[in-house]
Amino acid sequence: MSAQPVELGAFGRPIRGPSALGGDFRRFLHLTWTLAVTDFKLRFFGSVLGYLWQLLRPLMLFGVLLLVFTQFVPLGKNIHQYPVVLLQDIVIFTFFADATIGSVGSLVDRENLVRKIHFPRMVIPLSVVLTAYFNFLLNLVVVMIFALARGITPRITWLELPLLLLFMGVLVTGVAMLLSSLYVRFRDVRPIWEVVAQALFYGSPVIYVIDHLQHRSFRRPIMMNPIADVLTQARRAVVDPHAPSAAYVIGGAAWLAIPVGFVVLLFAVGFWLFNREAPRIAEQL
Amino acid sequence: MSASTGGVPAVVVDGVSKTFSIPREQIHTLKERALHPLRRTGHERFEALKGVSFAVPPGEFFGIVGRNGSGKSTLLKCMAGIYAVDSGAIYVNGRVSTFIELGVGFNPDLAARDNVALNGIMLGLSPRDARERFERVIEFAELEEFVDLKLKNYSSGMHVRLAFSVMIQVDADILLIDEVLAVGDASFQQKCFDVFHRMKDEGKTILFVTHDMGAVRRFCARAMLIERGELQMIGKPREIADNYMELNFGREASAQEEGHQRYGDRSADIADAWFEDEHGERQTALPQGRPCTFRARVVFNRPSEHPAFAVLFESESGQPLFATSTDWASERTGRYEPGDEAVFSVAFENPFAPGRLFASPWVTRRASQDLLDRRPRMTSIVVTGTHTSGGVVDLPHDVSLERAGETLTARGSSA
């Protein structure tokens, strides 16, 4: 028995398949927020030490690197407030690594949601990024306390930090959209990305600072990496007003258009791919 | 059904098709893709839905019935917006809520309170609503004492109760439900049924995917049967349920291997045995309550005088249900020469409970009761029906109750 041919649309709201964003924006926000908060709570209260474990990882890395680069290889010797710079760099980079690596398998891990309820698919990678953000903010508080303890006084330029965080957020979200949708089809995205993230760790001025590079010709290529710009600018804004700005190191503010443009492009490509894959994700899991 | 009754239907499914393409050779890695950029992988196409159309008026309790892999769950997922349809369209009037699984998003490491919020938000509540309804959820689930217990410490029954209680707190005009009733203990199930009745009374439209023909008959005003992605029929729950049972067991019944054991001196061979429906057609499945006939064709090898023909019907578990013999009708069955044939028939109105019914025919010498041939479980049929009383047969009966002078009489439910 079939429906008589009537003008469709007289039948009310058409059901569209799943999409990246679609539909009710408030529900989108509620879901993203709830998933992120739940995840964060689970990690925070999941074990006895809770947040300490979350903090311990960057702190351990910080301790080891600090020891190596101040005692064994005196890399940080001539850098003003090197320990603070190092901790801040590690916290920013940890955010990047946690959010992106965490997002890779997010759609696959949340299979039971994706296959069983209708919701905008973008919720999943975004909630992973948001959880990493919560963690990031808490870690930044630790950085601030450490900075104050080391005698750094708050300056107006600290207000640049939220802008830098936003920029990191755009970068990380772009990568998260790209990786999570690719991973649904290609399972070697995870190991590949872990290697790339490792390379980026050394390719960004995390343990060193850009103006101490011996070969000046390396500076500009490294600054093409947006993370390098964020780290360099954050160092100047928070720790050392005499450190060069990102614009200075790259050779003029105009050059910054390249890393910024790259982030925008990455976000656009990530969104395009995710949006294209979104309707079929539930079937491909 | 028609689109015109009662204005606009709650749900319209218009020519919906859905094909899954399953790669024959899965490329799972970028490496393979990079090494073989030009290799095209073949795809198996699986047509899960083929041009399905129907409409459901507001306030109807509509059943969607089909075997495993028939496409019924795919249909529900398309209606829920979880799968994108390839062609056709689906329209709804009102808020839709989907329950494909109870407790979607439940996290074992969180307490009931958090899980109720989480699940409620998943199902479409705002965080505030989810919090406000928490007390009602817990009360309905009867889990007041366990509010702060982590979900991983819940028994499976408690888990189900909590999930169901959240589900019914969700406001929706149209509910899409996939087999969530098949869980929980008897008293909780009764509670669920009450809720469904209430929802029905509140005028909610409910689309209900199930295998449980009892539930279809109890709740649904109409139902549809879907098989291999195609809509077979839409009709009264009873018709749908009967068709479903036939579909389900009909094919299986003929595939079933029949008994090979034989006893007797083979002075006669029971060459064939079968069941027929009321029209004299051979069947492998027969509806409960309808007239049917068992027949066995016997070929004689040696002269026999007045042999007795008999048959025993057994349940699947081997319990004898009923036996009969020509002895009880007439002892004089005649004289047979080698090569003579006879067909022994037992006609009855099928009273047996749904399930497999085996027939073991035999032929004996009249005087000595020596076996000429006996073939245990030589053939079988599947009795189809929707009424399962738990007994092995369902007899025509009347149920009555007398109370202080008034008499309440109800017909028994034999088909």
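Note that the structure is a prediction, hence the values are computed from the model and not measured. (Residues numbered from 1 in each chain as written. Chains lettered and ligands numbered in written order. Predicted model: local features only at pLDDT ≥ 70, side-chain atom pairs only at ≥ 80, totals over all residues.)

Caption draft 1: Quick look at the overall build of chain A. Looking only at helices and strands, chain A features 13 helices and one strand. Helices and strands in chain A line up, N terminus first, as β-α-α-α-α-α-α-α-α-α-α-α-α-α. Reported as C-alpha extents along the three principal axes, the dimensions of chain A are approximately 85 × 50 × 40 Å. Evaluated residue by residue, chain A yields a buried proportion of 41% over its 285 residues. (Helix = DSSP H or I, 4+ residues; strand = E, 2+ residues; numbered from the N terminus. Buried ≥ 20, exposed ≤ 12 C-beta atoms within 10 Å, placed from the backbone.)

Caption draft 2: Spatial organisation of the overall build of chain B. The helix and strand inventory of chain B stands at nine helices and 23 strands. The buried share among the 415 residues of chain B stands at 40%. For chain B, the proportion of contacts with a sequence separation of at least 24, taken over those separated by at least 6, is 72%. (Contact = placed C-beta atoms within 7 Å.)

Caption draft 3: Spatial organisation of the interface of chain A and chain B. Facing 37 residues of chain A, the contacting portion of chain B comprises 42 residues. Counting only elements with at least two residues in the side of chain A that touches chain B, the list comes to strand E1 (13-14), helix H1 (25-45), helix H5 (111-114), helix H8 (189-203) and helix H13 (281-284) of chain A. Looking at which element gives the most residues to the side of chain A that touches chain B, the answer is H1 of chain A, with six residues. Sheet analysis places E1 of chain A next to strand E4 (residues 87-92) of chain B, joined by two bridges and oriented antiparallel. (Pairing = 2+ DSSP bridges.)

Caption draft 4: Highlighting the sheet that holds strand E18 (residues 341-349) of chain B. Residues and elements named next belong to chain B. Strand order in the open sheet made by the four strands is E11-E10-E13-E18, with antiparallel pairing throughout. The sheet is open, and its two borders are formed by strand E11 (282-283) and E18, each paired with just one other strand. Here strand E10 (residues 268-276) pairs with strand E13 (residues 291-300) via eight bridges, running antiparallel. Directly across from Ala273, in E13, lies its bridge partner Ala296.

Caption draft 5: Representation of the environment of Asn301 of chain B within the structure. Residue and element names in this part refer to chain B. For Asn301, the position within the fold is in the loop between E13 and strand E14 (304-305). On the neighbour-count criterion, Asn301 (16 C-beta atoms within 10 Å) is partly exposed. For the pair formed by Asn301 and Ala141, sequence separation is 160 residues and the distance between their alpha carbons is 70 Å. Aside from chain neighbours lying at most four places away, what touches Asn301 is Arg266, Ser267, Ala268, Asp269 and Pro338.

Caption draft 6: Summary view of the environment of Ala237 of chain A. Residue and element names in this part refer to chain A. Note on placement: Ala237 falls in helix H10 (residues 226-239). Considered as a pair, Ala237 and Leu159 are 78 residues apart in the sequence and their alpha carbons are 8.1 Å apart. Not counting the four nearest positions on each side in its chain, Ala237 is found in contact with Thr157, Trp158, Glu160 and Leu161.

Caption draft 7: Layout of the confidence of the model for chain A. Residues of chain A with pLDDT of at least 70 account for 94%, and the chain-wide mean is 87. Contacts for the low-pLDDT stretch residues 1-8 of chain A, under 50 throughout, to residues beyond four places or in other chains number 15 contacts. (pLDDT = per-residue confidence, 0-100.)

Caption draft 8: Representation of the environment of Pro259 of chain A. Residue and element names in this part refer to chain A. Along the chain, Pro259 turns up in helix H12 (residues 257-277). Looking at Pro259, the number of C-beta atoms within 10 Å reads 21, which means it is buried. Along the chain, Pro259 and Asp229 lie 30 residues apart, while their C-alpha atoms are 8.0 Å from each other. Those residues within four positions of Pro259 in sequence are excluded, and the remaining contacts are Met223, Met224, Asn225, Pro226 and Asp229.

Caption draft 9: View of the domain arrangement of chain B. Residues and elements named next belong to chain B. Structurally, chain B comprises domain 1 (11-250) and domain 2 (268-384). Domain 1 and domain 2 are separated by 46 Å when their C-alpha centres are compared. With five residues of domain 1 at the interface, the matching set in domain 2 holds six residues. In the side of domain 1 that touches domain 2, the residues fall into two nonpolar, one polar and two charged. (Domains from an automatic or database assignment. Nonpolar A, V, L, I, M, F, W, Y, C, P; charged D, E, K, R; others polar.)

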